[in-house]
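Each chain, written out:
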Amino acid sequence: MRLTYAWGALAVPVVAVTVNPLPAPRSITWGSSGPKSIESLSLLAPNDATVSDAWNRAYNCIQKLKWAPATVEHPISSYQPFPTPTPTPTVRQAKRDVSSLTRVQVRIDDLNADLQHGVDESYTINITQSSEVIEIGAKTIWGALNAFTTFQQLVIFDGKNFVIEQPVSIADQPLYPYRGVLVDTGRNFISIAKIKEQLDGMGLSKLNVLHWHLDDSQSWPIDIGAYPQMVQDAYSGRETYSHNDLHDIITYARARGIRVIPEVDMPGHAAAGWQRVDPGIVSCANSWWSNDNWPLHTAVEPPPGQLDILNNNTYPVVQTVYNELSGIFSDNFFHVGADEVQTNCYNFSSNVQNWFAENPSRTYSDLMQYWIDRVLPIFLNNQPNRRLIMWEDIVIGSVPALNVSKDIILQSWNNGPANIQNLTAQGFDVIVSSSDFLYLDCGFGGWVTNDRRYDVMTNPDLNTPNFNYGGNGGSWCAPYKTWQRIYDYDFTTNLTVAQAQHVLGAEAPLWSEQVDDTVISGKMWPRAAALAELLWSGNKDKDGQKRTTEMTERILNFREYLVANGIGAAPLVPKYCLQHPHACDLYLDQKAVT
Ligand SMILES: *[C@@H]1O[C@H](CO)[C@@H](O)[C@H](O)[C@H]1NC(C)=O
Ligand SMILES: *[C@@H]1O[C@H](CO)[C@@H](O)[C@H](O)[C@H]1NC(C)=O
Ligand SMILES: *[C@@H]1O[C@H](CO)[C@@H](O)[C@H](O)[C@H]1NC(C)=O
Ligand SMILES: *[C@@H]1O[C@H](CO)[C@@H](O)[C@H](O)[C@H]1NC(C)=O
Ligand SMILES: *[C@@H]1O[C@H](CO)[C@@H](O)[C@H](O)[C@H]1NC(C)=O
Ligand SMILES: *[C@@H]1O[C@H](CO)[C@@H](O)[C@H](O)[C@H]1NC(C)=O
């Protein structure tokens with residue numbers, strides 16, 4: 001909303017009730033004829049259950065919440081620090097002489113376009129002064145869904161009526177086709193209900209990919225029909241996902257325009273589950289992870305375990321698990337891991353040691369190439385549309401493979417823009433997940449136990465950062481990434497046009513060593529919404545000025561909206577800052593963030 005404050009004694013004229021949806025649309029044009037009221041809306045749309053269900057969700061939400069944002073948009077140009085605005089904006093009454101809105105008319109060009117990478121997500125919304133109709137246009141169903149989540153944020157309750165400012169014309173589409181978050185159910189279990197809560201927030205903020213890191217070395221929560229013993233490595237019989245649960249999540253996500261991309265991390269981060277099928281296909285699972293004697297370490301976190309690349313029995317098991325999950329997950333993308341392989345782990349594999357002994361010129365890169373050459377035919381078999389995602393380590397890690405197909409999408413998590421540039425310059429498509437900017441789990445301290453570094457009563461030298469003072473406190477990717485850190489991330493800095501075209505989008509991982517149902521929503525939200533807007537319409541205004549200051553009111557209001565919708569988003573500021581726009585800014589200069 002814009003400028004509807006009563007500014008104490010210095011009343012500023014009411015201009016319009018223009019609300020401020022998140023993500024900010026690429027183009028939104030408001031008139032100022034005065035708001036129209038909404039009596040009750042009927043839907044005129046192609047006969048499609050996804051569309052009508054999504055409309056009903058949006059409309060029920062409007063009616064149930066009777067929402068009005070706490071504050072209104074505050075154009076930078078008009079900012080005055082004093083007097084601070086009064087907390088509650090006054091909403092103009094709907095004009096009596098204009099007809100109210102009675103219908104939503106939805107035109108969709110192509111009802112058959114599947115929800116896959118690159119599907120057209122654009123939409124338009126028009127409300128004109130003379131018409132009772134809200135006109136929505138979209139190329140696909142998925143665009144229409146985006147129109148609804150925008151529309152539901154445009155309608156506000158003025159205490160008596162639902163109103164919407166008009167005329168308004170929105171033409172919107174995302175900058176990037178891949179806009180995701182990662183949920184990890186291997187380190188700790190996350191319930192179906194909590195995963196759905198994340199999907200609710202994603203739908204509202206137009207994030208369209210849930211990257212589901214299904215398992216890890218610690219636990220295997222997925223029912224695999226071919227190997228019922230794998231799920232014995234779930235944390236308990238209740239902390240598992242049946243095939244029905246997987247279908248439930250995929251369906252729930254799809255109804256909100258969200259793709260679900262599964263990850264089975266291989267060959268590293270693999271012990272639980274696999275070892276139930278055949279202990280021989282897992283190397284070093286029973287070794288000491290040995291971070292107290294780093295040269296011997298077999299893993300970067302406990303417990304160790306990697307698939308034995310040179311045990312021929314590994315591959316039929318990989319194939320069976322992959323094929324079963326491929327039959328369930330409908331997305332063309334499938335993530336097959338490939339991060340953080342630790343060479344010491346394979347000291348525990350006689351197969352690997354014999355292979356090196358046979359030919360002393362062989363290296364661990366040869367071993368990783370062997371993995372790639374064996375698994376790609378398995379992963380690509382009979383899947384003409386399949387695109388694989390791997391972590392960047394397979395190309396730019398400490399033990400890269402020698403020759404990785406450019407068809408493989410790489411998820412970049414190290415070295416910020418430098419690795420993005422390196423990989424896109426090589427011609428790889430990249431998903432940006434730079435840990436210094438986008439890891440939502442960082443900054444909560446070390447979680448490994450029996451850690452004597454915490455047992456210090458004084459800081460020997462206050463000028464020298466150490467483990468407990470000024471250092472990272474055991475969190476390798478400390479500090480915590482604030483929403484401003486995320487929103488301000490210009491991940492295509494210094495890329496050529498050709499390189500930038502290889503950036504498919506970005507994804508914020510929330511690794512779950514210290515996350516389960518009790519904290520997931522507060523760590524995810526509203527920070528994931530900062531990424532959502534960054535990827536949808538960017539972090540700059542038309543003049544190229546960073547609009548982080550303007551985003552402040554949007555994200556503070558959106559956090560309240562998430563909470564109202566049942567998503568346990570964390571508070572970002574004292575509520576005072578929400579109610580007093582820009583009173584909590586660090587700089588009086590509203591263009592301080594450039
Ligand atoms: C909304 O208005 C724009 C600009 O006039 C137009 O291009 C678009 O087709 C309209 N959308 C609908 C659904 O009528
Ligand atoms: C593994 O073998 C290498 C080479 O022989 C050796 O340097 C390293 O210390 C060994 N690691 C472990 C954990 O035994
Ligand atoms: C393992 O499989 C490879 C490739 O099929 C084959 O060349 C090799 O002989 C097999 N090794 C054993 C021990 O069976
Ligand atoms: C690299 O792998 C591709 C297949 O992905 C193959 O066509 C090419 O010949 C390989 N290049 C080298 C140098 O081995
Ligand atoms: C990418 O990084 C690798 C490893 O640091 C380096 O060898 C290579 O030259 C870089 N490639 C590009 C295109 O920057
Ligand atoms: C971009 O390039 C400039 C000029 O070479 C350099 O100073 C800057 O550090 C680069 N930025 C990033 C994020 O790599």
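Quick caveat, the model's predicted, so the values are computed rather than measured. (Residues numbered from 1 in each chain as written. Chains lettered and ligands numbered in written order. Predicted model: local features only at pLDDT ≥ 70, side-chain atom pairs only at ≥ 80, totals over all residues. Heavy atoms only, no water.)

Caption draft 1: The overall build of the protein chain, seen in detail. Along the backbone of the protein chain there are 17 helices and 18 strands. Taking 25 Å as the expected radius of gyration for a compact globule of 594 residues, we find that the protein chain reaches 26 Å, a close match to that expectation. Overall, the protein chain is about 90 × 65 × 50 Å in size when its C-alpha atoms are taken along their principal axes. Here the protein chain holds 594 residues, and 56% of them are scored as buried. Averaged over its 42 positive side-chain charges, the protein chain has a centre that lies 8 Å from the centre of its 61 negative ones. (Helix = DSSP H or I, 4+ residues; strand = E, 2+ residues; numbered from the N terminus. Rg over C-alpha atoms; globule rule 2.2 N^0.38 Å. Buried < 20%, exposed > 50% of the residue type's maximum accessible area, 1.4 Å probe, protein only. Lys, Arg positive; Asp, Glu negative; His and termini not counted. Charge placed at Lys NZ, Arg CZ, Asp CG, Glu CD.)

Caption draft 2: Summary view of the pattern of salt bridges. All told, the structure shown has 21 salt bridges when counted by the stated rule. Put simply, Arg107 and Asp109 hold a salt bridge, and the shortest N to O gap is 3.0 Å. The salt bridge partner of Arg187 is Asp216, with a shortest N-O separation of 3.4 Å. Taken together, the positions of Arg187 in the loop between β9 (178-184) and α3 (192-205) and Asp216 in the loop between β10 (209-213) and α4 (243-254) put the pair 29 residues apart, joining distant regions of the chain. The residues Arg187 and Asp216 share a single accessibility class, namely buried. Connected through salt bridges with shared partners, the residues Asp184, Arg187, Asp216, Glu301 and Glu513 form a single ionic network. (Salt bridge = Lys/Arg side-chain N within 4 Å of Asp/Glu carboxyl O.)

Caption draft 3: The state of the cysteines, seen in detail. Applying the stated criterion to the full structure yields three disulfides. For Cys442, the disulfide goes to Cys477, at an S-S distance of 1.9 Å. Because the torsion about its S-S bond is -100°, the bridge between Cys442 and Cys477 counts as left-handed. Residue Cys442 is located in the loop between α11 (435-438) and α12 (483-487), and its partner Cys477 is located in the loop between α11 and α12; the two are separated by 35 residues in the primary sequence. A relative accessible area of 0% places Cys442 in the buried class. Two residues, Cys577 and Cys584, share a disulfide whose sulfurs are 2.1 Å apart. (Disulfide = S-S within 2.5 Å.)

Caption draft 4: Broad picture of the packing of helix α7 (residues 350-358) against helix α8 (residues 364-380). Viewed as axis vectors pointing N to C, α7 and α8 meet at an angle of 120°, and their least axial separation amounts to 11 Å. By the angle between their directions, the pair α7 and α8 is classed as oblique. In the crossing of α7 with α8, the sense of the turn from one axis to the other is right-handed. For the pair α7 and α8, contact is made by Val352, Gln353, Trp355 and Phe356 and by Tyr364, Asp366, Leu367 and Tyr370, respectively. Residue composition of the contact of α7 with α8, grouped by class: six nonpolar, one polar and one charged. (Axes fitted to C-alpha atoms, helices over the stretch in contact; angles between N-to-C directions. Parallel < 35°, antiparallel > 145°, perpendicular 65-115°, else oblique. Left-handed = near helix turned anticlockwise from the far one by under 90°. Contact = heavy atoms within 4.5 Å. Nonpolar A, V, L, I, M, F, W, Y, C, P; charged D, E, K, R; others polar.)

Caption draft 5: Looking closely at the packing of α3 against helix α16 (residues 548-564). As a packed pair, α3 and α16 sit with axes 11 Å apart at the nearest point and diverge in direction by 135°. Considering the angle they form, α3 stands oblique to α16. Two packed elements cross with a definite hand, and for α3 against α16 that hand is right-handed. Contact with α3, carried on its side by Gly201, Leu204 and Ser205, involves Phe558, Tyr561 and Leu562 of α16 and no other residues of that element. Its residues placed into classes, the contact of α3 with α16 shows four nonpolar, two polar and no charged.

Caption draft 6: Structural detail: the sheet that holds strand β5 (residues 133-140). Strand order in the open sheet formed by eight strands is β1-β8-β4-β5-β3-β2-β7-β6, and the pairing between neighbours is mixed. Among the strands making up the open sheet, the edge pair consists of β1 (27-30) and β6 (156-157). By the bridge criterion, four bridges tie β1 to strand β8 (residues 168-172) in an arrangement that is antiparallel. Among the inter-strand pairings, Ser27 is bridged to a residue of β8, identified as Ala171. Taken strand by strand, helix α1 (residues 49-65) contacts β2 (36-44), β3 (101-110) and β7 (162-164), and its axis lies near 160° from that of β2. (Pairing = 2+ DSSP bridges.)

Caption draft 7: A look at the site of ligand 5. The full set of residues close to ligand 5 is Ile396, Asn422 and Ala425. Protein coverage of the free-state accessible area of ligand 5, which is 350 Å², stands at 32%. (Near = heavy atom within 4 Å. Areas by Shrake-Rupley, 256 points an atom, 1.4 Å probe, with all protein chains shown as cover.)

Caption draft 8: Molecular detail of the domain arrangement of the protein chain. Each domain of the protein chain was delimited in the assignment, giving domain 1 (27-73 + 97-172) and domain 2 (178-445 + 465-579). Look at where the C-alpha atoms of domain 1 and domain 2 centre, and you get two points 34 Å apart. Across the contact, 25 residues belong to domain 1 and 28 residues belong to domain 2. With both sides pooled, the region where domain 1 packs onto domain 2 buries about 2,300 Å², and carbon together with sulfur makes up 51% of that total. (Domains from an automatic or database assignment. Buried area = accessible area lost by both parts, 1.4 Å probe.)

Caption draft 9: Here's a closer look at the side chain of Lys36. Examined against the element boundaries, Lys36 turns out to sit in strand β2. Summary of buried charges: Lys36 has no salt-bridge partner, and the nearest side chain of opposite charge, Glu132, is 7.7 Å away.

Caption draft 10: Geometry of α3. Taking 1.5 Å per residue as the helical rise, α3 with its 14 residues ought to reach 20 Å, and the 20 Å between its terminal C-alpha atoms agrees with that figure. Within α3, 11 of the 14 residues are buried, which leaves it mostly tucked inside the rest of the structure. Considered for burial, the residues of α3 that qualify are Ile192, Ile195, Lys196, Glu197, Gln198, Leu199, Gly201, Met202, Gly203, Leu204 and Ser205. Lys206 sits one or two residues past α3 and shows a positive phi near 65°. (Expected span 1.5 Å × (residues − 1).)

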